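# Breakdown of the fold
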Amino acid sequence: MKIFPAIDIMNGKVVRLFKGKKDDYKIYGEPVDIAKNLSKHFDYLHVIDLDGAFEGSPQILDVLKDIKKNVGIKIQTGGGYRDYDSVKKAYEIGVDNVIISTAAYDIDFLKRVTNDFDGITISLDFSGKNIMTKGWLEKSEYTLKESFDKFKEFTDRFIITDTSKDGTLSGIEKIDRFWGDERVIYAGGIKDKRDLDLLSEWGVYGAVTGKALYENSKELFGSDFDAI
């Protein structure tokens, strides 16, 4: 199973939010510095533009460009990608996968970007049975499986995030597999190696690790290393 270390950026700093709340966070450092450290152990980064998610348009394209130039690592990125031009700009600076969430429900937009760009990834951010939208600020009427079934004809790459657990180190709960051959990446509440083993057993393609990576790496991977 592939590990995607998370770099969440807000106000120019790498942070971790607690359950996605923008007023409850911890600062870890500078994006490029942390990306360099993580590149010693991983070949892919999960970079989220929190300001972009809250404001509705990307705010860190310059940071992404710096990471690609100075670190050279693969990047999947999301946060505010709700129009064609912003997606295009991200791919032009070398991002490997653009993550869209709220905008995926605009089917015309989804058709266009999945037709024009490789590796479009849909993030299904859920709490309970419902999908959260607009930076996790609004609960929609859509369910996780309904949304997955709606979008799987357009892409085979998904991230599912339990927003009620994100940043909590609370461990994961059983996931009933609802996907087939699609690449599903899980995020939210991962605490230790046991969680990674369970996700692997359930057939998850990859896992996003954030707070556990920065504060619990020994329990996660069996040894400490300097993520930050």
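Model, not experiment: these values are computed from the prediction.

### Observations regarding the pattern of salt bridges
Any two side chains of opposite charge can pair if their charged atoms end up close together. Scanning the model with the defined rule gives 10 salt bridges in all. Among the salt bridges present, the one from D43 reaches K2, with a minimum N-O distance of 2.8 Å. Linking D43 in the loop between α1 (31-38) and β4 (44-49) with K2 in strand β1 (residues 2-10), this pair joins segments that are 41 residues apart in sequence. Among the residues examined, K2 registers a relative accessible area of 22% and is labelled partly exposed. The partner of K13 in a salt bridge is E30, and the shortest N-O contact between them spans 2.1 Å. Here K13, found in strand β2 (residues 13-18), pairs with E30, found in the loop between β3 (21-29) and α1; they are 17 residues apart in sequence, far enough to count as distant.

### Description of the side chain of H46
If you trace the backbone, H46 turns up in strand β4. Within the structure, H46 has its side chain in polar contact with the side chain of Q76 (distance 2.8 Å). Contact partners of H46, with chain neighbours within four places excluded, come to F4, P5, A6, I7, Q76, I99, I159 and V208.

### Some words on the UniProt feature "active site" (unreviewed entry) in the protein chain
Taking the numbering used here, the UniProt-annotated feature "active site" (unreviewed entry) corresponds to D8 and D125. For D8, the location among the structural elements is in strand β1. Residue class for D8 comes out buried when judged on its relative accessible area of 7%. Dropping the residues within four chain positions of it, D8 is found in contact with K13, V14, V15, R16, I48 and L50. Here D125 is to be found in strand β7 (residues 121-127). Within the local environment of D125, its side chain forms a polar contact with the side chain of S123, the two groups lying 2.6 Å apart.

### Regarding the environment of I3
By secondary structure assignment, the location of I3 is in strand β1. Considering only alpha carbons, one finds I3 and A207, 204 residues apart in sequence, at a separation of 5.1 Å. Those residues in contact with I3 that sit more than four places away from it in its chain are F42, Y44, L196, A207, T209 and F221.

### Concerning unusual backbone geometry
Of note in the backbone geometry, N11 takes a positive phi value of approximately 55° without being a glycine. Within the secondary structure, N11 sits in the loop between β1 and β2. Not every positive phi belongs to a glycine, and L169 is a case in point at roughly 55°. Along the chain, L169 turns up in the loop between β10 (157-162) and β11 (183-187). For L169, a relative accessible area of 23% gives the class partly exposed.

Parameters and conventions
- Residues numbered from 1 in each chain as written.
- Predicted model: local features only at pLDDT ≥ 70, side-chain atom pairs only at ≥ 80, totals over all residues.
- Heavy atoms only, no water.
- Salt bridge = Lys/Arg side-chain N within 4 Å of Asp/Glu carboxyl O.
- Helix = DSSP H or I, 4+ residues; strand = E, 2+ residues; numbered from the N terminus.
- Buried < 20%, exposed > 50% of the residue type's maximum accessible area, 1.4 Å probe, protein only.
- Polar contact = N/O pair within 3.5 Å; in protein donor to acceptor, adjacent residues only side chain to side chain.
- Contact = heavy atoms within 4.5 Å.
- UniProt positions renumbered as here; feature names shortened; annotations may be inferred.

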